[in-house]
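Reading the structure
Now for the letters of each chain:
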Number of protein chains: 2
Amino acid sequence: MDLSDRKSKILKAIIEDYISTAEPIGSRTISKRIDLKLSSATIRNEMADLEEMGYLVQPHTSSGRIPSDLGYRFYVNELLKKYSFNVNQLEQIRKAFSVKLLQLDSIVREAGNLLARSNGRYISLVTMPESESLSIRRMGLMYMDAHTFLAILVKSDSMVHNKVIYTQIEVTEESVNLLSQVLNTKLAGLHLDEITPESLTEIATYLGESAPILIPVVEFLKEVLTPKEGAPVYYSGTTNILSQPEYTDVHKAKELIDFLENNQDLQKLIPDRSSKNENISVSIGRENKAKALKDCSTITITYKAGKNATGKIGIIGPTRMDYANVLQSLEGISLHINTLLGQLYQMDGSEEVVKNKPKKRPVRRLE
Amino acid sequence: MDLSDRKSKILKAIIEDYISTAEPIGSRTISKRIDLKLSSATIRNEMADLEEMGYLVQPHTSSGRIPSDLGYRFYVNELLKKYSFNVNQLEQIRKAFSVKLLQLDSIVREAGNLLARSNGRYISLVTMPESESLSIRRMGLMYMDAHTFLAILVKSDSMVHNKVIYTQIEVTEESVNLLSQVLNTKLAGLHLDEITPESLTEIATYLGESAPILIPVVEFLKEVLTPKEGAPVYYSGTTNILSQPEYTDVHKAKELIDFLENNQDLQKLIPDRSSKNENISVSIGRENKAKALKDCSTITITYKAGKNATGKIGIIGPTRMDYANVLQSLEGISLHINTLLGQLYQMDGSEEVVKNKPKKRPVRRLE
DNA sequence: GTTAGCACTCAATCGAGAAGAGTGCTAACA
DNA sequence: TGTTAGCACTCTTCTCGATTGAGTGCTAAC
């Protein structure tokens, strides 16, 4: 769908004005604003055309025009000039990540917070990276007292999990240390589905009568390694939208926030329209799967964490969103966490893990 | 300050009505509602008295009365009959805590969430338990690759911390394991200020040329064990207040939420008025230290975690708060987390830690 | 193709009046 | 002396019509 150069300019001007004012835009405003000198009457004619073509809507006769979903879509696809990266901005992003954040979940979560703070007007969201199946990179146990020990697991995606485990039977420091060592050598590099009953019984033989403590440990492994269907979404800056004029009605705001908090499955919220080679996905208004988001736009970008794990980070706001700005900071942040995570994974002793890993792993189907 | 029985009854009726309706209460409403049969005119006289005494205020002449801060205070101190515990309710609280939550921070945080959910109208807050000085209960390292290992610390309050540490120099699995063992035997039971340069050099001697890896480990210990001044406050259900009539104005709501998020120091928000032997503190309206909370009431209860560590859990809402209900569920939840944490600490091998701990520890001053 | 001009539309604003809830005060009553 | 009925008064809220003003569509002229 093509538009004349003049129509494009007018549409762009309307959208950008509306993005910043949230008020319907009249022909006079545009005729004054735009570079090509045209009278309001001419603009009016063009606006009527644009409305007929579906790019603009009128809240009521004799009011200014506001962009339709289609209008925003055209804006995003065609009119948004490639934003140039501000080196300064990238530097600021880098600074915002404090040095001590060297763990995956902190990095990702902090990225979400940063995003929410950096625009201050929209809600930001992140999902933790999900890879189809995770393996055990490293694990260990730590004796605490006769009935307690700590289980620690480093997954192949570098996330660390730990759990305090209480046992009925008494354990000794030696037996815990022994189990720790055995577990590590036997299980490191394995996926959950590669932990067979046979290997477990083998491990149990090393333990003698303290074998039962293996049970809660395996529970823990299962719990942590089982791929969660639909990574949970973390929202940040939910109350940012309270400063948006479209949410001066508290009920609307609460409805949206409640909806988000109760719908943790990002897949169900937004369509997967990163069909192009781009990994950025922009969903405008009714393009979102959820009806509750019909007046919102969601922009998400996919980041990589390791070989085949990806997560998303994004923004939810009213359709009247500052797309240019959001896209830019989103891309800036994703760029940065990609490098951060890249560093994190570069340090992986991947070879070492690989040598322990059988070649023929059951293939996990994607549903 | 004493009130006649009848005045008390009228005040109570007004407050409870106002709590549930948020509308100024007129004399006729009370004359119909209350058990002792009195005409509206009589009630009016009594209300005029109560206003003169400062328990009620009139938003404007010829409107009903609403309780003043003093009125609420009287209500809380004198009129609130001792709530009886509902066994059912306690059972529900118990169920709400899923079994897998066996770590201090999850327990406390979950308590906050539960509190926010259970009333659904107010903001809940929790602070992590703070004890003056924490010691190392147990620590360990876990080798990951030639430049990476994981440091794990279990503090005396049972909180587990871990951090991925990257080293410039190469480390071997053996050296990490050795250090792990040495650290544990040498440092377990110690407070931060008991870790002397001498003990560190002693440890270093065990390590030979891989001694430098001790540095980031000590950094980590410092970071985790240094007592934070003013435990951070975690809020939950901040958007709950959006459903309250006093916050239909979005700006007010946003102001409050922003204020809370930017003021993490609970000490500065509310006065420490748990002066009685009670550990519950109720601050009504302007009794709060922060002016931003002048239309809010805060109720906090202190829970115990271990011997001398305490944290707070509480509720923030409009002064028109359902005190009876909030107090009850607050006490219920604190009761439960006290027992949960009690179990957690009972399992502490305290003797074992004690034997390693020198008697004369530098006394830390309270400021 | 562009523009000036004009009649028209419709939301938002304003103000006057009416309604209604509630009070204070007075006088009568038990 | 305490309680109550009644009435005038106050003040908010609601309603409704008039006004305003931003903006449009259309027509005619350039």
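Residues numbered from 1 in each chain as written. Chains lettered and ligands numbered in written order. Predicted model: local features only at pLDDT ≥ 70, side-chain atom pairs only at ≥ 80, totals over all residues. Heavy atoms only, no water.

1. A look at the domain arrangement of chain A
What the domain assignment lists for chain A is domain 1 (5-79), domain 2 (87-130 + 230-349) and domain 3 (136-227). For domain 1 of chain A and domain 3 of chain A, the distance between their C-alpha centres works out to 64 Å. (Domains from an automatic or database assignment.)

2. Topic: the packing of aromatic side chains
A full pass over the atoms with the stated rule returns six aromatic pairs over all chains. With 5.6 Å between their ring centres and 45° between their planes, Tyr72 of chain B and Tyr323 of chain B make a pair best called tilted. Separated by 251 residues along the polypeptide, Tyr72 of chain B in helix α4 (residues 69-79) and Tyr323 of chain B in helix α12 (residues 323-346) bring together distant segments of the chain. Pair check on accessibility: Tyr72 of chain B and Tyr323 of chain B agree, each one buried. Ring centres 6.4 Å apart and planes at 65° place the aromatic pair Tyr75 of chain B and Tyr323 of chain B in the edge-to-face group. Pair noted here: Tyr75 of chain B is in helix α4 and Tyr323 of chain B is in helix α12, with a separation of 248 residues, a long-range link. Of the two residues, Tyr75 of chain B and Tyr323 of chain B, both sit in the buried class. Across the ring face of Tyr234 of chain A, the terminal group of Arg109 of chain A is positioned such that the distance to the ring centre comes to 4.2 Å. (Phe/Tyr/Trp six-rings, centres within 6.5 Å; stacked < 30°, edge-to-face > 60°. Helix = DSSP H or I, 4+ residues; strand = E, 2+ residues; numbered from the N terminus. Buried < 20%, exposed > 50% of the residue type's maximum accessible area, 1.4 Å probe, protein only. Lys NZ or Arg CZ within 6 Å of the ring centre and 35° of its normal.)

3. Here's the deal with the interface of chain A and chain B
A common way to state how big an interface is: give the accessible area lost once the parts meet. With 38 residues of chain A at the interface, the matching set in chain B holds 38 residues. Residue Asp145 of chain A pairs with Arg137 of chain B through a salt bridge whose shortest N-O separation is 3.5 Å. For the pair chain A and chain B, the interface holds six residue pairs in polar contact (both at pLDDT 80 or more). For the side of chain A that touches chain B, the elements supplying multiple residues, two or more each, are β4 (136-145), β5 (148-155), β6 (160-166), α7 (173-187) and α10 (250-262) of chain A. Tallying contributions element by element places β4 of chain A first for the side of chain A that touches chain B, with eight residues. (Contact = heavy atoms within 4.5 Å. Salt bridge = Lys/Arg side-chain N within 4 Å of Asp/Glu carboxyl O. Polar contact = N/O pair within 3.5 Å; in protein donor to acceptor, adjacent residues only side chain to side chain.)

4. Here we look at the relation of the copies chain A and chain B
Relating one copy of the chain to the other takes a rotation about an axis and a shift parallel to that axis. When chain A is fitted onto chain B, the two copies agree to an RMSD of 0.1 Å after a turn of 180° and an axial shift of 0.0 Å. Taken together, the rotation angle and the small translation identify this as a two-fold axis. By C-alpha distance to the rotation axis, the residue of chain A lying nearest is Val250 of chain A, at 3.1 Å. The fraction of interface residues of chain A whose copies in chain B are also interface residues reaches 100%, indicating that both copies meet through the same surface. (Least-squares fit on C-alpha atoms with pLDDT ≥ 70 in both.)

5. Structural notes on the protein's contact with DNA strand D
Contacts to DNA strand D come from 19 residues, most closely from Ser27 and Arg65 of chain A together with Arg6, Thr42 and Ser62 of chain B. Among the atoms of DNA strand D close to the protein, meaning within 4 Å, 76% are from sugar or phosphate groups. One nitrogen or oxygen atom from the side chain of Ser27 of chain A is found 2.6 Å from a phosphate oxygen belonging to DNA strand D. Measuring from a phosphate oxygen of DNA strand D, one finds a side-chain N or O atom of Thr42 of chain B at 2.6 Å. Counting residues per element, the ones that place at least two in the surface near DNA strand D are α3 (40-53) of chain A together with α3 (40-52) of chain B. Looking at which element gives the most residues to the surface near DNA strand D, the answer is α3 of chain B, with four residues. By residue class, the composition of the surface near DNA strand D is three nonpolar, 12 polar and four charged. (Near = heavy atom within 4 Å. Nonpolar A, V, L, I, M, F, W, Y, C, P; charged D, E, K, R; others polar.)

6. Structural notes on the packing of helix α1 (residues 5-21) of chain B against α4 of chain B
All names here are of chain B. In contact at an axis separation of 10 Å, α1 and α4 are set at 110° when each is read in the N-to-C sense. Overall, the two elements α1 and α4 adopt an arrangement that is roughly perpendicular. Seen along the crossing, α1 lies across α4 with a hand that is left-handed. Two secondary-structure elements touch here, α1 through Ser8, Leu11, Lys12, Ile15, Glu16, Tyr18 and Ile19 and α4 through Gly71, Tyr72, Phe74, Tyr75 and Leu79. For the contact of α1 with α4, the per-class residue count stands at eight nonpolar, two polar and two charged. (Axes fitted to C-alpha atoms, helices over the stretch in contact; angles between N-to-C directions. Parallel < 35°, antiparallel > 145°, perpendicular 65-115°, else oblique. Left-handed = near helix turned anticlockwise from the far one by under 90°.)

7. Brief notes about the pattern of salt bridges
All names here are of chain A. Applying the stated criterion across every chain, the model contains 38 salt bridges over all chains. In this structure, the salt-bridge partner of Asp49 is Lys7, at a minimum N-O distance of 3.3 Å. Taken together, the residues span a long stretch of sequence, with Asp49 in helix α3 and Lys7 in helix α1 (residues 5-21) at a distance of 42 residues. Relative accessible area serves as the criterion here: at 30%, Asp49 is assigned to the partly exposed category. Put simply, Asp17 and Arg33 hold a salt bridge, and the shortest N to O gap is 2.6 Å. Taken together, the positions of Asp17 in helix α1 and Arg33 in helix α2 (residues 27-33) put the pair 16 residues apart, joining distant regions of the chain. Take Asp17: its relative accessible area is 12%, and that puts it in the buried class. Given the relative accessible area of 41%, Arg33 is considered partly exposed. Through salt bridges with shared partners, one network takes in Arg6, Lys7, Glu46 and Asp49.

8. Notes on the environment of Gln264 of chain A
All names here are of chain A. Looking at the secondary structure, you find Gln264 in the loop between α10 and α11 (266-269). Sequence-wise, Gln264 and Tyr234 are 30 residues apart; in three dimensions their C-alpha atoms are separated by 8.1 Å. In this structure, Gln264 is in contact with Ala231, Pro232 and Val233, ignoring residues within four places of it in sequence.

9. Some points on the protein's contact with DNA strand C
In the region of DNA strand C, 19 residues are neighbours, and Arg6, Thr42 and Ser62 of chain A together with Ser27 and Arg65 of chain B sit closest. Among the atoms of DNA strand C lying within 4 Å of the protein, the sugar-phosphate backbone contributes 76%. The separation between a phosphate oxygen of DNA strand C and a polar side-chain atom of Arg6 of chain A is 2.6 Å. A distance of 2.9 Å separates a phosphate oxygen of DNA strand C from a polar side-chain atom of Arg65 of chain B. Here the surface near DNA strand C takes four residues from α3 of chain A, the largest share from any one element. Residues belonging to the surface near DNA strand C are distributed by class as follows: three nonpolar, 12 polar and four charged.

10. Some points on the pairing of strand β8 (residues 280-284) of chain A
All names here are of chain A. Most of β8 is tucked away, with five of its five residues classed as buried. Side chains Ile280, Val282 and Ile284 of β8 all project onto a buried face; the interleaved residues Ser281 and Ser283 project onto the opposite face, where all are buried too. Here β8 runs beside strand β9 (residues 296-305); their pairing, made up of five bridges, is antiparallel. Looking at the pairing, Ser283 lines up with Thr298 of β9. (Pairing = 2+ DSSP bridges.)

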